[in-house]
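Survey of secondary and tertiary structure
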Amino acid sequence: MVLSWALAVLSLLPLLEAQSPECANLTAAPITNATLDQLSGKWFYIASAFRYPEFNESSRTIQAAFFYFDINYTEDKILVRDYLTIGNQCVYNSSYLNVQRENGSLSKHEFGKEQLGYLLLTKDPTTFMLAFFPKDEQNMGLSFYTDKPQATQEQMREFHEAIMCMGMQKSEIVYSDEKQDVCGPLEKEHQEEKQKENEGS
């Protein structure tokens, strides 16, 4: 699923800064080991707005989602373990993202092509956003993630500002609902299996 990875964008920054002073709050930079340290761990999908048809359709099927990023620094890859609630059922996936350090993006082969998500960091280290097709008005998109199941009002305000900076409307946003999550039991099962493997090794 694109929303799981649907992950500082150099090409976007001039566009953001030109439109509004608030847009300068989005930080764009190449990805470093420190950036990857910040991304490592568990994240929750909060909301997104997509104009790219496949992404838009995919986002509307997801009731709730969380995922884990496991970083491989030497190979510049991220193992993503997704827990998606779709149709009141838990769907588990694991896949790899390629880290493009220079242009601040993560890529994955999906929908028949290599898809790029540009990593946008704010001053809050407990959130991040992914921008897609930022210069393409017909296909642009933005997804938002936090390290807690629910975002604070301030975190949502930053996401809404970013949406408007890209030239999108708040009415295009699709929100998740962590209360509909049914993946907790499977996550617990996986954690117990991992603990047994660690104890046995």
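Residues numbered from 1 in each chain as written. Predicted model: local features only at pLDDT ≥ 70, side-chain atom pairs only at ≥ 80, totals over all residues. Heavy atoms only, no water.

- Under an unreviewed UniProt entry, the name given to the chain is Alpha-1-acid glycoprotein, and the source organism is Panthera leo.
- UniProt lists a comment for the chain under the heading Sequence similarities (unreviewed entry), and it reads "Belongs to the calycin superfamily. Lipocalin family."
- Under the UniProt heading Subcellular location (unreviewed entry), the note attached to the chain is "Secreted". (UniProt positions renumbered as here; feature names shortened; annotations may be inferred.)

**A look at helix H5 (residues 153-165)**
- The terminal C-alpha atoms of H5 lie 18 Å apart, and with 13 residues this matches the ideal 18 Å at 1.5 Å per residue to within 8%.
- By the burial criterion, the buried members of H5 are Gln155, Met156, Glu158, Phe159, His160, Glu161, Ala162, Ile163 and Cys165.
- Directly after H5, the chain includes Gly167, whose backbone phi takes a positive value near 95 degrees. (Helix = DSSP H or I, 4+ residues; strand = E, 2+ residues; numbered from the N terminus. Expected span 1.5 Å × (residues − 1). Buried < 20%, exposed > 50% of the residue type's maximum accessible area, 1.4 Å probe, protein only.)

**Considering the environment of Asn93**
- One can find Asn93 in strand E4 (residues 89-100).
- The class for Asn93 is partly exposed, based on a relative accessible area of 28%.
- Separated by 13 residues in sequence, Asn93 and Val80 place their C-alpha atoms 8.0 Å apart.

**Examining the side chain of Arg81**
- Summarising the element assignment, Arg81 is placed in strand E3 (residues 77-86).
- Residue class for Arg81 comes out buried when judged on its relative accessible area of 16%.
- Setting aside residues no more than four positions away along its own chain, Arg81 makes contact with Phe66, Phe67, Tyr68, Asp70, Tyr92, Asn93, Ser94 and Lys194. (Contact = heavy atoms within 4.5 Å.)

**Re the nonpolar core**
- One finds Leu36, Phe67, Phe69, Ile78, Leu119, Phe128 and Tyr145 to be the most contacted residues of the largest nonpolar core, which totals 25 residues.
- Every element with two or more residues in this core is listed here: helix H3 (33-39), strand E1 (41-50), strand E2 (62-72), E3, E4 and strand E7 (127-132).
- For this core, the element with the highest residue contribution is E2, accounting for five residues.
- Formed by 22 residues, the second largest nonpolar core is a distinct cluster that contains Ala49, Tyr68, Ile173 and Cys183. (Core = buried A, V, L, I, M, F, W, Y, C linked by side-chain atoms within 4.5 Å.)

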